[in-house]
Amino acid sequence: MFRSQSMIRVELVVPEHDIVAVTESLAESGTFEVDARNPGESSVSQANAWDQQATVYAALAQRISSVMELLAVDAGSPPAEALRWIDPDTVARDVDTIEREVKGPVQELQDARRKLESLSRTRSQVVPLYGLGVDLQRLRNTTYLYVILGSMPVDNVARLQASLEHIPSTLVRFGERDGLATVILFGMKRDAEILMRAARSAYLTVAELPDEYQGTPAEVLEALEEGITRAREHILSLEETLHHLHATRIRRLRHLHWRVQASLTLAQTIAGFRKFRYSYLLSGWVPEPGVERLRRSVVAVSPETTIEVAQPTVQERAVAPFQFSNPPLTRGFQQLVTIYGYPNYEELDPTLLLTLTFPLIFGVMFGDVGHGLLLVALGALLLSRRVRALRSMAGFGTVIVACGVVATLFGCLYGSLFGFEDVIDALWLRPLEQTTDILLASVIFGVGVLTLGMGFNVVGAALRRRWGDVLLDRNGLVGILFYWSLVGLGAGVLNAELPMPVGALAAVAFVTAIVIWLSERLKPLVEGHGFKRADLGMGLVEGFFELFETVLSLMSNTLSYVRMGAFAVAHGALSLVVFILAEMVDPGKSIGYWIVVALGNLVVIGFEGMIVGIQTLRLEYYEFFSKFFTAGGRPFRPLSLAKVEGR
Amino acid sequence: MAIGMGVQAYALTQATVRALYVDLLSQAQWEDLIRAPDYDGVLALLSKTVYGATLQVDRSLLTPRRAAYQIRFHLAEVYAKLIRVSPSRARSVLAALWHHYEVDNIRVALRGVEAGATWDQVLHLLYPMPRYVEVTLAQLEKMVRSGSVSGAVNVLKGTQYHSLLDHALTRYEEERSLFPLEVALDLGYRRNLWDAVLGLGKQDRETALMTIGMVLDIDNLLWALRFRVYHHLSEAEIINYTLPMGYEVRDDDIRLVARGGDSAQAVFRAYPELRESLRGALFSTGEELGKLEQALLRLLIARCRRMFIGSPFHIGLPLAYVLLNEYEVRDVTLLIEAKAARTPASAFAPLLLTPQA
């Protein structure tokens, strides 16, 4: 649980004719991560036909996706059966057919929509002229007058008028809609070209009245309405055709989509393999329990393939992927760890520690039976996946349930129920009344958590056999001793009873401080490499400042935990404010009072719950994790042919 | 009172600008860059400047075009930093100014569609705009992949650019030229920028006009002159294709140019300080217009530098700083391209704006 699933290095020499089958089998196993690093020297250039294949599949994928978009078909979920390579010519034939079926109606639909839009635009241009008792066609056919009817951006009207200052003309503006003004420009026929160029440069779109739309604006409008109705009917019938195509082609399109995507990934993956004259060399990582199954499945499809399995070397372990091996219930906490970073392959996984400490810290700050139970209910709702909008957060359901349970327990300890402090007895203390006690308890808790983190660091270093770090690191055994001696001295200042004299504690603190100061010089000595003498002066200066920083960070890390107690107090105080407000609104404590109490509780849960959650995360990430977790690793990403966008 | 409020509002902005100011290339660095033996030499020198971080790309991929693309990331960072630390009204003006690159990106995407270019061909011609954008990179990709200009315009639905372009689409369909779309985009963007400046408080508005007003004036004046010299447009067309507003360049100046009057009179009325250096110019040839553009931009850069003298608690400081950066990036790009093409320093150095300014 604390370590990565053990990773094995696997190298396969695959005959050229089996490469597709073997790669498919590796992807199907879901346990093989391709090592993208150069696996060794080869005799043949890596450039091969698979790059070209990938280009062909990428083009096909693009065409399929265009047709899917035209028919509003989504990709759906990846098919349950294993995805296999598909012949590009077969796909091309299928896509050609579907494209032919689809593109005609789509083009027709686009034209019909454009026509509808044009008619609607003309209608909106003519509507403002409704009362005009003049035949529009006759207006255009005048002998001396030149008339332009159309619409133009409102912003350009004044500029057009200005631009025609020296040309005899009149611009009449009628109505305005969607930033466009309907206008009629009158001028002399001899100035027609100037007027038209000016109008066009002002983006005046001339209203094109087809021959069938003649007469006064009222008559034209009537004819336009009929035209619009016909266009709408035509659009509806085309949409029905496309709907039918959608229903009959959806399965085929999705099938092609997934197969082509799989073939594209396959081609790209194979293009990245090292190619020899008649074979390919594949190397990668496989979790130890999956090795035998992988071997069997590969041999089943390619008996000639040679598989070499080896434990990773020290250098390889440094770049090996990390795979979690935690129980399913801790997945939400695991997600919180991965937000911070992935553990290095040789590093300890902090998920379990986070699972224990996160709800505890949260519960201390948010102790209330009612609020805790509501959180449990919210967590359960997330886990049930019943609300579609919350499904993406289902992974955090366990985190919220755990936080809710501990908050409920602390609610019992504090005697708090929906902010009421007089309904149940406090089993331990009431934060609002015993502020000093809760703050002190928080610091003691912090000392415990930090010591746990340092202890975890010691165990991790011991497992990696870095004895220098085990003994002398500032978060190693000496560090723990130094920290506890400082804690003891601090307790002494507060007149606490100590198990040993203050002088002895000071001596321990002094000696351990010296060791930490010199730790970078002494570590090689412990690990059998001799005392590090190079740059001694500079090293000592750096060591001193590191010691100084260690003292400061230990103090600040410890005091950071005071916030636990402070938030417990704030939680009670906020509830108190809710009751004061409720009494101000309704001193008689009838319905108004309870509405304010209910709303106030919701605000406390939503607003304070979020802040407490952030503070808990902060304490975990910055105070706790910094003691042992470098997060310099990377996740195990097995080869898969079913790539889902956005995942 | 107003000064006190300015100090409070712009304290963080001016501190940030002051801290960033040292990142501008010094005269000595420019001299080294101009003297660099070749393109690799320029890259080596740039790697030691503020542009070093943006050029951390595998050398085999760092073609001159890619290098020019990479260094623009620096400008994106500068804008993002200053937008973040500026008070809200100044932020909207800075963001509006920053959107000038968004307009350029839309223009590039439309040209890509028109030329049938692939997304990969278009990508590195774009200005990298990771933040404070209305049109995302994904939308630009969708525009290019749409395959048609009307489809590309459709992608912009919901942005301020859609209606501008939509109104010009009919003309595009008729003329099959991007000219009406680009002009509509340019005019609409600049109107919005002007409105953003007018939305500022009195003191900030006056200061902002000294820089942004001049930027808009330069564009407007050069448009009018180019429409007349290169495109031979009619008076009415030139007026419709230019802005009705201005800071030092008045609408009368634009109309004078549009109706074929004495262009020099319009230029020197607005910028009397150019009368000596451009004496005798009629602004009727491409060469003269090039010289005028250089002179106007140098004037703008000098004005931006002057913003750093006197009280710094106003919008002028961040605006001047981003403009100085813009012209520096323009110059570095020019230098990269010149060195890659093995152009002698005597040919390109006079075109650089920031070193001599």
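Numbers given to residues run from 1 along each chain, matching the order in which its sequence is written. As a convention, the first chain written is A and the first ligand written is 1, with the rest following in written order. Where totals are concerned, whole chains, interfaces and linings use all residues; where local detail is concerned, this predicted model gives features only for residues with pLDDT of at least 70, and gives and counts side-chain atom pairs only at 80 or more. With hydrogens and water excluded, all non-hydrogen atoms of the structure serve as input to the side-chain values.

**Structural notes on the overall build of chain B**
Looking only at helices and strands, one finds 17 helices and zero strands in chain B. With C-alpha atoms as the basis for the radius of gyration, the globule rule is written as 2.2 Å multiplied by the number of residues raised to the power 0.38. A compact globule built from 357 residues should have a C-alpha radius of gyration of about 21 Å, and chain B, at 21 Å, falls within 12% of that. If one aligns the C-alpha atoms of chain B with their principal axes, the spans along those axes are about 50 × 50 × 45 Å. Burial classes follow relative accessibility: with a 1.4 Å probe on protein chains only, a residue under 20% of its type's maximum area counts as buried, one over 50% as exposed, and anything between as partly exposed. Within chain B, the proportion of its 357 residues that are buried is 56%. Computed with the Shrake-Rupley method and a 1.4 Å probe, the accessible areas treat only the protein chains shown as cover for residues. When the accessible area of chain B is evaluated, it comes to approximately 15100 Å², of which 54% is carbon and sulfur surface. Asp and Glu count as negative and Lys and Arg as positive, but His and the ends of the chain are not part of the count. Every charge is mapped onto a representative atom, which is NZ of Lys, CZ of Arg, CG of Asp or CD of Glu. Taking the average place of the 39 positive charges on the side chains of chain B and the average place of its 40 negative ones, the gap between the two points comes to 3 Å. A helix here means a DSSP run of H or I that spans at least four residues, while a strand means a run of E at least two residues long, and both kinds are numbered starting from the N terminus.

**With respect to the overall build of chain A**
Across its full length, chain A holds 21 helices and nine strands. The C-alpha radius of gyration computed for chain A amounts to 38 Å, which surpasses the reference 26 Å derived for 647 residues by more than 25%, pointing to a less compact arrangement than a globule. For the C-alpha atoms alone, the extent of chain A along its principal axes is close to 115 × 90 × 55 Å. For chain A, the proportion of its 647 residues judged to be buried stands at 45%. For chain A, the share of sequence-separated contacts (at least 6 apart) that also reach a separation of at least 24 residues comes to 79%. If you sum the accessible surface of chain A, you get close to 32900 Å²; carbon and sulfur atoms cover 60% of it. The average position of the 58 basic charges and that of the 67 acidic charges among the side chains of chain A differ by 4 Å. Here, two residues are considered to be in contact whenever any of their heavy atoms come within 4.5 Å of each other.

**Some remarks on the nonpolar core**
Residue and element names in this part refer to chain B. Judged by nonpolar contacts, the single largest core of 138 residues is most densely connected at Ile 106, Tyr 271 and Phe 283. The dominant element in this core, judged by the number of residues it contributes, is helix 11 (residues 202-229), at 14 residues. Those residues in contact with Ile 106, other than ones at most four positions away along the chain, are Val 135, Leu 140, Met 143, Leu 156, Tyr 161, Leu 165 and Leu 185. As used here, the term nonpolar core means buried Ala, Val, Leu, Ile, Met, Phe, Trp, Tyr and Cys residues forming a set that is joined through side-chain atoms within 4.5 Å.

**Points about the domain arrangement of chain A**
Reported domain spans reflect what an automatic or database domain assignment gives. According to the domain assignment, chain A contains domain 1 (1-42 + 272-323), domain 2 (47-118 + 230-266), domain 3 (134-215) and domain 4 (328-627). Just the C-alpha atoms count here: the centres of domain 3 of chain A and domain 4 of chain A sit 75 Å apart.

**What about the pattern of salt bridges?**
Here, a salt bridge means any Lys or Arg side-chain nitrogen found within 4 Å of an Asp or Glu carboxyl oxygen. Scanning the entire structure with this criterion turns up 52 salt bridges over all chains. The residue A:Glu583 makes a salt bridge to A:Lys589 at a minimum N-O spacing of 3.8 Å. Overall, A:Glu583 belongs to the partly exposed group, its relative accessible area being 39%. For B:Glu182, the salt bridge is made with B:Arg111, and the minimal N-O distance between the two is 2.8 Å. Of the two residues, B:Glu182 sits in helix 10 (residues 179-198) while B:Arg111 sits in helix 5 (residues 88-115), which places them 71 residues apart along the sequence. B:Glu182 gets classed as buried once you look at its relative accessible area, which sits at 13%. We classify B:Arg111 as partly exposed; its relative accessible area is 43%. One network of salt bridges, with partners in common, ties together B:Asp104, B:Arg107, B:Arg111, B:Glu182, B:Asp186, B:Arg190 and B:Asp219.

**Digging into the pairing of strand 8 (residues 279-287) of chain A**
Residues and elements named next belong to chain A. In terms of residue burial, strand 8 counts as a mostly covered element, since nine of its nine residues are buried. Neither face of strand 8 is left uncovered, since the one carrying Ser 279, Leu 281, Ser 283, Trp 285 and Pro 287 and the one carrying Tyr 280, Leu 282, Gly 284 and Val 286 both have all their residues buried. As defined by bridge partners, strand 1 (residues 7-15) adjoins strand 8 across nine bridges and the pair is classed as antiparallel. If you follow Met 7 over to strand 8, its bridge partner there is Pro 287. Strands qualify as paired when DSSP identifies two bridges or more between them. Examined bridge by bridge, strand 2 (residues 33-34) and strand 8 share two bridges and lie antiparallel to one another. Paired with Val 34 across the strands is Gly 284, a residue of strand 8. Two strands pair when backbone bridges link them, and strand 7 (residues 274-275) and strand 8 are joined in this way by two bridges, in the antiparallel orientation. When the bridges of strand 8 are listed, Lys 275 appears paired with Tyr 280. Counting the residues that bridge the hairpin from strand 7 to strand 8 gives three residues.

**Section: the side chain of A:Ser485**
Examined against the element boundaries, A:Ser485 turns out to sit in helix 16 (residues 477-493). Filtering out sequence-adjacent residues up to four positions away, A:Ser485 remains in contact with A:Leu505, A:Val508, A:Ala509 and A:Thr512.

**A word on unusual backbone geometry**
All names here are of chain B. A positive phi angle, close to 50 degrees, is found at His 232, a residue other than glycine. You can see His 232 is positioned in the loop between helix 11 and helix 12 (235-240). Its identity is not glycine, yet Arg 342 carries a phi of approximately 55 degrees, on the positive side. Take Arg 342: it is sitting in the loop between helix 16 (316-340) and helix 17 (345-348).

**Brief notes about the sheet that holds strand 4 (residues 169-177) of chain A**
As summarised here, the arrangement of the four strands in space is 4-5-3-6 (chain A), forming an open sheet in which the pairing is antiparallel. The open sheet is flanked by strand 4 and strand 6 (205-206) of chain A, the only strands paired with a single partner.

**Concerning the environment of B:Arg190**
All names here are of chain B. Note on placement: Arg 190 falls in helix 10. Residues contacting Arg 190, with those up to four places away along its chain left out, are His 100, Leu 216, Asp 219, Trp 223 and Leu 243. Within the structure, the side chain of Arg 190 is placed 2.9 Å from the side chain of Asp 219, a separation counted as a polar contact. A 3.5 Å cut-off defines polar contacts: any pair of N or O atoms within that distance qualifies, except that in protein one atom must be a possible hydrogen donor and the other a possible acceptor, and neighbouring residues in sequence count only when both atoms are side-chain atoms.

**Regarding the packing of helix 2 (residues 49-70) of chain A against helix 3 (residues 88-126) of chain A**
Residue and element names in this part refer to chain A. Note on definitions: angles span 0 to 180 degrees between N-to-C directions of axes, and those axes are lines fitted to C-alpha atoms, for helices only across the stretch in contact. Relative orientation of the contacting elements helix 2 and helix 3 amounts to 30 degrees, with a least axis distance of 10 Å. With respect to their mutual orientation, helix 2 and helix 3 come out roughly parallel. Relative to helix 3, helix 2 is oriented so that their crossing is left-handed. Residues Gln 53, Val 56, Tyr 57, Leu 60, Arg 63, Ile 64, Val 67 and Leu 70 of helix 2 touch helix 3, and the partners they reach there are Pro 88, Val 91, Ala 92, Val 95, Asp 96, Ile 98, Glu 99, Val 102 and Val 106. Put simply, Ala, Val, Leu, Ile, Met, Phe, Trp, Tyr, Cys and Pro go in the nonpolar bin, Asp, Glu, Lys and Arg in the charged bin, and everything else, Gly too, in the polar bin. Tallied by class, the residues present in the contact of helix 2 with helix 3 amount to 13 nonpolar, one polar and three charged. An angle counts as roughly parallel when it lies under 35 degrees, as roughly antiparallel when it exceeds 145, as roughly perpendicular when it falls between 65 and 115, and as oblique in every other case. In a left-handed crossing the near helix is turned counterclockwise from the far helix by less than a right angle, and in a right-handed crossing that turn is clockwise.

**A few points about the packing of aromatic side chains**
Aromatic rings from Phe, Tyr and Trp, with only the six-membered ring used for Trp, were paired whenever their centres fell within 6.5 Å, and each pair was classed as stacked if the ring planes differed by under 30 degrees, edge-to-face if by over 60, and tilted otherwise. Under the definition given, this model contains 33 aromatic pairs over all chains. Ring centres of A:Phe420 and A:Trp594 lie 6.0 Å apart, and the angle between their planes is 35 degrees; this geometry places the pair in the tilted category. With A:Phe420 in the loop between helix 13 (397-414) and helix 14 (435-463) and A:Trp594 in helix 21 (residues 591-624), the pair connects residues that are 174 residues apart, well separated along the chain. Judged by centre distance (5.1 Å) and plane angle (85 degrees), the ring pair of A:Tyr593 and A:Trp594 falls under edge-to-face. What makes A:Tyr593 buried here is its relative accessible area of 3%. A connected cluster of aromatic rings, assembled from ring pairs, spans A:Phe2, A:Tyr340, A:Phe456, A:Tyr621, A:Phe624, A:Phe625, A:Phe628 and A:Phe629. Here, a charge over a ring is recorded when the distance from Lys NZ or Arg CZ to the ring centre is within 6 Å and its angle to the ring normal is within 35 degrees. In this structure, B:Arg171 packs its charged tip against the face of A:Tyr203, placed 5.5 Å from the ring centre.

**Comments concerning helix 11 (residues 351-365) of chain A**
Residues and elements named next belong to chain A. For a helix, the expected span equals 1.5 Å multiplied by the residue count minus one. For helix 11, built from 15 residues, the straight-helix expectation of 21 Å at 1.5 Å per residue is met to within 8% by its first-to-last C-alpha distance of 21 Å. The element helix 11 is extensively covered by neighbouring structure, given that 12 of its 15 residues are classed as buried. Those residues of helix 11 that fall on the buried side of the exposure criterion are Thr 351, Leu 353, Leu 354, Thr 355, Thr 357, Phe 358, Pro 359, Ile 361, Phe 362, Gly 363, Val 364 and Met 365. Summarising the contacts, the buried residues of helix 11 are in contact with helix 10 (331-340), helix 12 (369-384), helix 13, helix 14, helix 20 (562-585) and helix 21.

**Re helix 10 of chain A**
Three or more residues of helix 10 of chain A are buried, namely A:Gly332, A:Phe333, A:Gln334, A:Leu336 and A:Val337. Phi turns positive, to about 155 degrees, at A:Gly341, one or two residues after helix 10 of chain A.

**Considerations on the packing of helix 10 of chain B against helix 11 of chain B**
Residues and elements named next belong to chain B. Close contact between helix 10 and helix 11 brings their axes to 10 Å; oriented N to C, the two are set at 160 degrees. With respect to helix 11, the axis of helix 10 lies roughly antiparallel. The way helix 10 lies across helix 11 gives a crossing that is left-handed. Contacts between helix 10 and helix 11 involve Phe 179, Val 183, Asp 186, Leu 187, Arg 190, Leu 193, Trp 194, Val 197 and Leu 198 on the former and, on the latter, Arg 205, Ala 208, Leu 209, Ile 212, Leu 216, Asp 219, Trp 223 and Phe 227. For the contact of helix 10 with helix 11, the per-class residue count stands at 13 nonpolar, no polar and four charged.

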